[in-house]
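A structural walkthrough
Next come the chains, spelled out residue by residue.
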Amino acid sequence: LRSFTPGDFFSFIPDEAEAPLLGKIVAFGARVDYVSRLVEMRGELQMMPDYIRPGVSGRLEFGQSQSAK
């Protein structure tokens, strides 16, 4: 978590699409699950295509995608 702060960018690659969607971190949850090592992260996508619905699954990538602002 030390590597990420609100305002950092990420790419979301939905299972239904090949093109990544750019988003940014808005906030983190208050708890860390120490068994699974998961933490809730809230983000917002810069563009919301029609196929994005509640419950859509996909993959998040952090790192070099931070060039777009």
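Coordinates for the structure precede this section.
A quick note: this is a predicted structure, and the numbers were derived from the prediction, not measured.

1. Some remarks on the overall build of the protein chain
Per the secondary structure count, the protein chain includes 0 helices and 4 strands. The order of helices and strands in the protein chain, counted from the N terminus, is β-β-β-β. For the protein chain, the residues scored as buried account for 20% of the 69 residues in total. Of all intrachain contacts in the protein chain linking residues separated by at least 6 positions in sequence, the fraction that spans at least 24 positions is 49%. Entry remark: accessible area of the protein chain is about 5,600 Å², with carbon and sulfur atoms responsible for 51%.

2. Quick notes on the nonpolar core
With 5 residues, the main nonpolar core is built from F10, F12, L21, I25 and I52. Those residues in contact with L21, other than ones at most four positions away along the chain, are F10, S11, F12, P14, L45, M47, P49, Y51 and I52.

3. Some thoughts on the side chain of D8
Here D8 lies in the segment before β1 (9-14). A polar side-chain atom of D8 sits 2.9 Å from the main-chain amide nitrogen of T5.

4. Overview of the sheet that holds strand β2 (residues 21-33)
Read from one edge to the other, the open sheet built from 4 strands follows the order β3-β2-β1-β4, with strand pairing classed as antiparallel. Looking at which strands have only one partner, the edges of the open sheet turn out to be β3 (38-45) and β4 (58-62). The average undirected angle you get between the axes of adjacent strands in this sheet is 45°. When β1 meets β2, the two strands line up antiparallel, connected through 4 bridges. Counted as the bridge partner of S11 is L22 from β2.

5. Observations concerning the environment of G7
If you trace the backbone, G7 turns up in the segment before β1. Considered as a pair, G7 and E44 are 37 residues apart in the sequence and their alpha carbons are 10.0 Å apart. Setting aside chain neighbours within four positions, we find G7 in contact with K24 and I25.

6. What to know about the packing of aromatic side chains
Here the structure, examined in full by the defined rule, presents 2 aromatic pairs. Here F10 and F62 contribute two aromatic rings whose centre-to-centre distance is 6.2 Å and whose plane-to-plane angle is 55°, an arrangement assigned as tilted. Within this pair, whereas F10 is found in strand β1, its partner F62 is found in strand β4, the two being separated by 52 residues in sequence. One aromatic cluster is present, built from ring pairs that chain together F4, F10 and F62.

What counts and how
- Residues numbered from 1 in each chain as written.
- Predicted model: local features only at pLDDT ≥ 70, side-chain atom pairs only at ≥ 80, totals over all residues.
- Heavy atoms only, no water.
- Helix = DSSP H or I, 4+ residues; strand = E, 2+ residues; numbered from the N terminus.
- Buried < 20%, exposed > 50% of the residue type's maximum accessible area, 1.4 Å probe, protein only.
- Contact = heavy atoms within 4.5 Å.
- Areas by Shrake-Rupley, 256 points an atom, 1.4 Å probe, with all protein chains shown as cover.
- Core = buried A, V, L, I, M, F, W, Y, C linked by side-chain atoms within 4.5 Å.
- Polar contact = N/O pair within 3.5 Å; in protein donor to acceptor, adjacent residues only side chain to side chain.
- Pairing = 2+ DSSP bridges.
- Axes fitted to C-alpha atoms, helices over the stretch in contact; angles between N-to-C directions.
- Phe/Tyr/Trp six-rings, centres within 6.5 Å; stacked < 30°, edge-to-face > 60°.

The quantities given are spatial measurements derived from coordinates; they are silent on function.
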